[in-house]
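# A structural walkthrough
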Amino acid sequence: MLEEVGRWLTGRSWSSADRPLNRLTEARAADPGRTTVSVVLPALNEEATVGAIVATIRRELMERVRLVDELVVIDSGSTDATAAVARAAGARVVHRDAILPRIPALPGKGEVLWRSLLVTSGEIVCFVDADLRDFSADFVSGTVGPLLTDPAVQFVKAMYDRPLGDAAGQGGRVTELVARPLLNLHWPQLAGFVQPLGGEYAVRRSLLERLPFPVGYGVELGLLVDALHTVGLDALGQVDVGVRVHRHQDGQALGRMAAAIYRTAQLRLSRGHLVRPTLTQFERGEDGFVPRTYAVDTEERPPMREIAEYAARRAA
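Read on for an overview of the structure. No experiment lies behind these values; they were computed from the predicted model shown.

So, about the pattern of salt bridges. For the structure shown, the criterion picks out 19 salt bridges. Put simply, Arg59 and Glu60 hold a salt bridge, and the shortest N to O gap is 3.1 Å. Residue classification places Arg59 among the partly exposed positions, given a relative accessible area of 37%. Of the charged contacts in the structure, one is a salt bridge between Arg268 and Asp226, with a shortest N-O distance of 2.9 Å. One end of the pair, Arg268, is in helix α10 (residues 251-270); the other, Asp226, is in helix α9 (residues 219-231), with 42 residues separating them in the sequence. Side by side, Arg268 and Asp226 carry an identical accessibility label, which is buried. One network of salt bridges, in which partners are shared, links Lys109, Asp129, Glu200, Glu220 and Arg244.

Below, the structure written as structure tokens:
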């Protein structure tokens, strides 16, 4: 590990308990015009979990204390009751396709996060995955906290244990097999991040609007790498929020995720082009193994500040 990273781990890694809620609400009150907070949940068929997450954020961080100003669920085409459940729990629900309709939407989480900047207004934007179980408001207050109390901090990731079934610490398989080796080899300054692919993080809007967004699974790695190059390591941080329990994907879905993340890293290393940006996997059929070929996410959205509608909205 680089000596610089060792110093960063000491000075830029915190626990959510380091900043109790009363301290955060005081920080907001001291500068209300610059510390507005938006929470965004990207959601696709998450009716089983999204309601509890929304209800917890609203109760703990909007009603009991005033830490969050707006809570938005971006529905990316759910076929279940995700939108109705989220709305009933107290979120504003916006369908992905209703945002920036002149640009046809692409499938992918990064696409939803990018579009969310057009329908939120907070100067701090906190992203939270909608499939979390046993959700704690610390996922929001913990990651938002350093941004409220330290103007030098621009980007904060949550870190946590990720159990896999009954095994503690066995989650995050794509992180350990793909993302962590890539970061250690090519961006060693980011080697100190415990959960580089985690979906819970808070960022200043002024930084987010300057970054390109990979449209798919590569969005977390892409934003982290680009933030490092844009604002430097000392503007980044991480906060321990405990344990993250969520729905695990099967091995083939993880393979597609890994391919997208590798592609995102490759683009940032060379800005070159893959000869064949596809991934072939195998499933056993009646007559043996059947190949299934999937396109690897290669699209990226430009920095939001380059979008005319966003510029007009911010100027209004």
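Here we come to the pairing of strand β2 (residues 37-43). With seven of seven residues buried, β2 is to be regarded as a mostly interior element. By the alternation rule, side chains of β2 split into Val37, Val39, Leu41 and Ala43 and Ser38, Val40 and Pro42, which are all buried. Of the pairings in the sheet, the one linking β2 to strand β5 (residues 124-127) comprises four bridges and is parallel in character. Looking at the pairing, Val39 lines up with Cys126 of β5. Direction of pairing for β2 relative to strand β3 (residues 70-75): parallel, over a ladder of six bridges. Paired with Pro42 across the strands is Ile74, a residue of β3. Chirality of the crossover, the property in question, places the unit of β2, helix α3 (residues 50-63) and β3 among those that are right-handed.

In contact at an axis separation of 10 Å, helix α2 (residues 21-30) and helix α6 (residues 138-149) are set at 45 degrees when each is read in the N-to-C sense. When the axis of α2 is compared with that of α6, the two are oblique. Note that α2 runs across α6; the crossing there is left-handed. Contacts from Leu21, Arg23, Leu24, Ala27 and Arg28 of α2 reach α6 at Ser141, Gly145, Leu148 and Thr149. In terms of residue class, the contact of α2 with α6 is made up of four nonpolar, three polar and two charged.

Another point: unusual backbone geometry. Phi angles above zero are rare outside glycine, and Leu100 is one such case at about 55 degrees. Position of Leu100 relative to the elements: it lies in the loop between β4 (92-95) and α5 (109-116). Although it is not a glycine, Asp134 adopts a positive phi angle of roughly 55 degrees. Relative to the helices and strands, Asp134 resides in the loop between β6 (132-133) and α6.

For the rest of this paragraph, the subject is the packing of α9 against α10. At a minimum axis separation of 9 Å, α9 and α10 run at an interaxial angle of 25 degrees. Classified by the angle their axes make, α9 and α10 are roughly parallel. Between α9 and α10 lies a crossing of right-handed hand. Facing Leu221, Gly222, Val225 and Asp226 of α9, the residues of α10 in contact are Ile261, Thr264, Ala265 and Arg268.

Rules of the game
- Residues numbered from 1 in each chain as written.
- Predicted model: local features only at pLDDT ≥ 70, side-chain atom pairs only at ≥ 80, totals over all residues.
- Heavy atoms only, no water.
- Salt bridge = Lys/Arg side-chain N within 4 Å of Asp/Glu carboxyl O.
- Buried < 20%, exposed > 50% of the residue type's maximum accessible area, 1.4 Å probe, protein only.
- Helix = DSSP H or I, 4+ residues; strand = E, 2+ residues; numbered from the N terminus.
- Pairing = 2+ DSSP bridges.
- Right-handed = clockwise from strand over helix to strand, strands pointing away.
- Axes fitted to C-alpha atoms, helices over the stretch in contact; angles between N-to-C directions.
- Parallel < 35°, antiparallel > 145°, perpendicular 65-115°, else oblique.
- Left-handed = near helix turned anticlockwise from the far one by under 90°.
- Contact = heavy atoms within 4.5 Å.
- Nonpolar A, V, L, I, M, F, W, Y, C, P; charged D, E, K, R; others polar.

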